[in-house]
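# Survey of secondary and tertiary structure
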Amino acid sequence: MICPETTPPSFGLLLRQVRDGLVRQLDTTMAEENLGIGFTHYLGLKVLSAKAPCTANELAQALDQVPSAVTRLLDKLEAMGCVRREPHAQDRRALQIVLTDEGRQLWARLKQRGDQTMNDAMRDLSTDERAQLLSLMTRVRDSLITP
C-alpha cells in the first residue's frame, strides 16, 4: 500500500491520482469512437482546434511533447483525415498543420465526451464547490509559474 488509510494523501499524489483517473476515463470514452484513439489524440485535437494552422514544432511545444511523438500523432490524425500538412505561408521550409472539416467534427464529438467526463468526475461537488476547486487549482498553478 502506498500510504496507510489514516494518512491523508500528499498534494502531489492526489494530483497524480486525479490526473490518472481522468486519463483512464477519457481513454475509455475515446475508445467508444472505435477509431483507435485515446487521450493523446484528444489533447492533440484540442490544441489544434485552438491553434491551427500551426507548425508541428508549435504543436509539440503546446503539448509539452517531443517532436517525434507529435509526428506519430499527426501521422495518425492525417490517416484519419483529421489534419492536412500544407506548405507554410511565410516559411517555405516548413509545413503547417491544418485541421480539416472531419477533424473539427471529430473534435466536437470528443469535446462533448471530455466535458461529460469532467462533469462526472465532479458530480459530487456543488456548483459553489466546483467554482472553489477551480479557483484554488488556478491559484496553485499560477504560483508555480516562474516570474
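Quick summary incoming for the structure in this document. Note that the coordinates shown come from a computational prediction; the quantities given were computed from them, not determined experimentally. Residue indices follow the written sequence of each chain, beginning from 1 at its first position. Local features in a predicted model are, by the rule used here, given only for residues with pLDDT of at least 70; side-chain atom pairs are given and counted only at 80 or more, and totals for whole chains, interfaces and linings are based on all residues. The side-chain quantities take in all heavy atoms of the structure and omit both hydrogens and water.

### Structural notes on the layout of surface pockets
In this structure, the largest pocket spans a volume of roughly 960 Å³. Whether a set of points on the 1 Å grid over the protein atoms alone is a cavity depends on a 1.4 Å probe fitting there but being unable to get out, while an open set qualifies as a pocket with protein on both sides within 12 Å along at least five of seven lines; lining residues are those with an atom within 4 Å of a point. Around the largest pocket, the lining comprises 27 residues; the ones closest to its centre are Val18, Arg19, Leu22, Met118 and Met137. Among the elements that line the lining of the largest pocket, the one with the most residues is helix α1 (residues 11-31), at eight residues. Residues belonging to the lining of the largest pocket are distributed by class as follows: 21 nonpolar, one polar and five charged. Grid points are joined across faces, edges and corners, and a volume is the space filled by probe spheres set on the points. Approximately 200 Å³ is the volume found for the second largest pocket. Lining the second largest pocket are Val18, Gly21, Leu22, Gln25, Thr28, Thr29, Glu32, Arg113, Gln116, Thr117, Asp120 and Ala121. Secondary structure elements follow DSSP: runs of H or I no shorter than four residues count as helices, runs of E no shorter than two count as strands, and numbering proceeds from the N terminus. When residue character is reported, Ala, Val, Leu, Ile, Met, Phe, Trp, Tyr, Cys and Pro are called nonpolar, Asp, Glu, Lys and Arg charged, and the others, Gly included, polar.

### What about the nonpolar core?
Here, the term nonpolar core denotes a set of buried Ala, Val, Leu, Ile, Met, Phe, Trp, Tyr and Cys residues that are joined through side-chain atoms within 4.5 Å. Classification of residues uses two cut-offs on accessible area relative to the type maximum, computed with a 1.4 Å probe and protein chains only: under 20% is buried, over 50% is exposed, and between them is partly exposed. Judged by nonpolar contacts, the single largest core of 24 residues is most densely connected at Leu45, Leu48, Leu59 and Leu110. Going through the elements one at a time, α1, α2 (39-51), α3 (56-63), α4 (67-79), β2 (95-99) and α5 (101-121) are the ones with two or more residues in this core. Ranked by the residues each element gives to this core, the list is headed by α2, at five residues. In contact with Leu59, not counting residues within four places along its chain, are Gly44, Val47, Leu48, Cys54, Val70 and Leu74. Contacts between residues were defined by any pair of non-hydrogen atoms, one from each residue, lying within 4.5 Å.

### Quick look at the side chain of Thr55
With respect to the secondary-structure elements, Thr55 resides in the loop between α2 and α3. What Thr55 contacts, discounting residues up to four positions off in sequence, is His88, Leu95, Gln96 and Ile97.

### Quick look at the side chain of Arg113
By secondary structure assignment, the location of Arg113 is in helix α5. A polar side-chain atom of Arg113 sits 3.0 Å from a polar atom in the side chain of Thr29. Here Arg113 is in contact with Thr29, Met30, Glu32 and Glu33, once residues within four sequence places are set aside. Pairing of N or O atoms within 3.5 Å defines a polar contact, subject to two protein rules: one partner must be a possible hydrogen donor and the other a possible acceptor, and residues neighboring in sequence count only if both atoms are side-chain atoms.

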